[in-house]
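A structural walkthrough
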Amino acid sequence: MTDFENIAQEAQAVFNTADLIHSSDAIDQALSEMATQIERDYADKIPLVLCVMNGGLMTTARLISKVGIPMQVDYIHATRYANKTTGANVQWLAEPKMSLAGRDVIIVDDILDEGVTLSELISYCKRHECRSVKTAMLIRKLHDRRINNLEADYLGLDVPDRYVFGCGMDYKSFYRNLPGIYAVSE
Ligand SMILES: O=P(O)(O)OC[C@H]1O[C@H](OP(=O)(O)OP(=O)(O)O)[C@H](O)[C@@H]1O
Ligand SMILES: Nc1nc2[nH]cnc2c(=O)[nH]1
């Protein structure tokens with residue numbers, strides 16, 4: 001078997017014993033509420049949405065399809081888990097193509113865990129002279145390891161302190177495509 005076939009097999013075994021934490025319907029409901037808040041807060045602005053690849057892909061797509069005001073969308077690629085289940089330093093793999101200078105930026109990502117990634121993303125936007133920066137996160141992991149007590153401006157749902165996957169989040173690079181959110185069995 002090839003490496004990716006071996007990992008696929010391991011991921012399948014993990015999925016078979018995983019617990020569903022949030023259904024796709026629950027996620028849609030949470031994203032609709034976030035979209036309503038964003039529409040209200042940005043009614044007189046044109047936000048630049050920054051999708052944080054790869055995990056933020058699904059949240060961004062599902063969220064922006066619900067937001068009915070003019071906006072632009074770009075992406076930034078930062079990773080610190082690199083398809084593993086523990087984090088390290090943030091690696092920058094791609095920067096936005098659009099200038100952030102003078103823009104009202106909304107960073108959209110899947111999960112606020114220890115907050116290292118989000119904290120660096122906020123600093124990046126400020127360094128590049130955005131006018132304002134807010135954060136929209138689909139989920140927040142419940143624990144006390146978050147740096148600087150960082151919170152999201154727009155938050156969908158909470159998850160327990162377990163490794164989660166689905167809705168953009170991977171288990172060793174697999175299962176980003178699941179519409180719901182699952183936790184690895186303990
Ligand atoms: O709050 P933190 O502990 O910093 O973790 C959150 C980050 O971890 C995940 O990205 P990851 O590094 O796994 O890359 P990916 O988006 O390609 O999956 C997730 O998408 C967040 O960006
Ligand atoms: N897939 C995934 N990525 C993460 N990045 C930080 N925490 C997590 C997690 O629980 N799952």
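Residues numbered from 1 in each chain as written. Chains lettered and ligands numbered in written order. Predicted model: local features only at pLDDT ≥ 70, side-chain atom pairs only at ≥ 80, totals over all residues. Heavy atoms only, no water.

**So, the nonpolar core**
The cut-off we apply is this: Think of a nonpolar core as a cluster: buried Ala, Val, Leu, Ile, Met, Phe, Trp, Tyr and Cys residues, connected wherever their side-chain atoms sit within 4.5 Å. The cut-offs for exposure are 20% and 50% of the maximum accessible area for each residue type, with area from a 1.4 Å probe on protein chains only; residues under the lower value are buried, those over the upper are exposed, and the others partly exposed. Secondary structure elements follow DSSP: runs of H or I no shorter than four residues count as helices, runs of E no shorter than two count as strands, and numbering proceeds from the N terminus.
Formed by 24 residues in total, the largest nonpolar core has its most connected members in L63, I139 and I181. Residue assignment for this core shows that the elements contributing at least two residues are α2 (24–41), β5 (104–112), β6 (132–141), β7 (154–159) and β9 (181–183). Among the elements that take part in this core, α2 stands out by supplying 6 residues, more than any other. In terms of nonpolar packing, the next biggest core, distinct from the first, is built from 21 residues, V90, L112, V133 and A152 among them.

**Details of the side chain of D109**
Note the following rule: We count Lys and Arg on the positive side and Asp and Glu on the negative side, and we leave His and both chain ends out. For salt bridges, the criterion is a side-chain nitrogen of Lys or Arg within 4 Å of an Asp or Glu carboxyl oxygen. We call two N or O atoms a polar contact when they sit within 3.5 Å, provided that within protein one can donate a hydrogen and the other can accept it, with sequence-adjacent residues counted only if both atoms are side-chain atoms. We call two residues in contact when some of their heavy atoms are within 4.5 Å.
Structurally, the position occupied by D109 is in strand β5. Despite its burial, D109 pairs with no opposite charge, the nearest such side chain being R176 at 8.0 Å. In this structure the side chain of D109 is engaged in a polar contact, spanning 3.4 Å, whose partner is the backbone nitrogen of G56. Every residue in contact with D109, bar those within four places of it in the chain, is listed here: V52, G55, G56, T59, A136, M137 and L138.

**Digging into the pattern of salt bridges**
Between side chains of opposite charge, a pair can form as their charged atoms come close. Counted under the stated rule, the structure contains 13 salt bridges. R40 is the partner of D41 in a salt bridge, and the nearest nitrogen-oxygen pair spans 3.1 Å. Note on D41: relative accessible area 25%, which makes it partly exposed. The exposed category is assigned to R40, whose relative accessible area is 58%.

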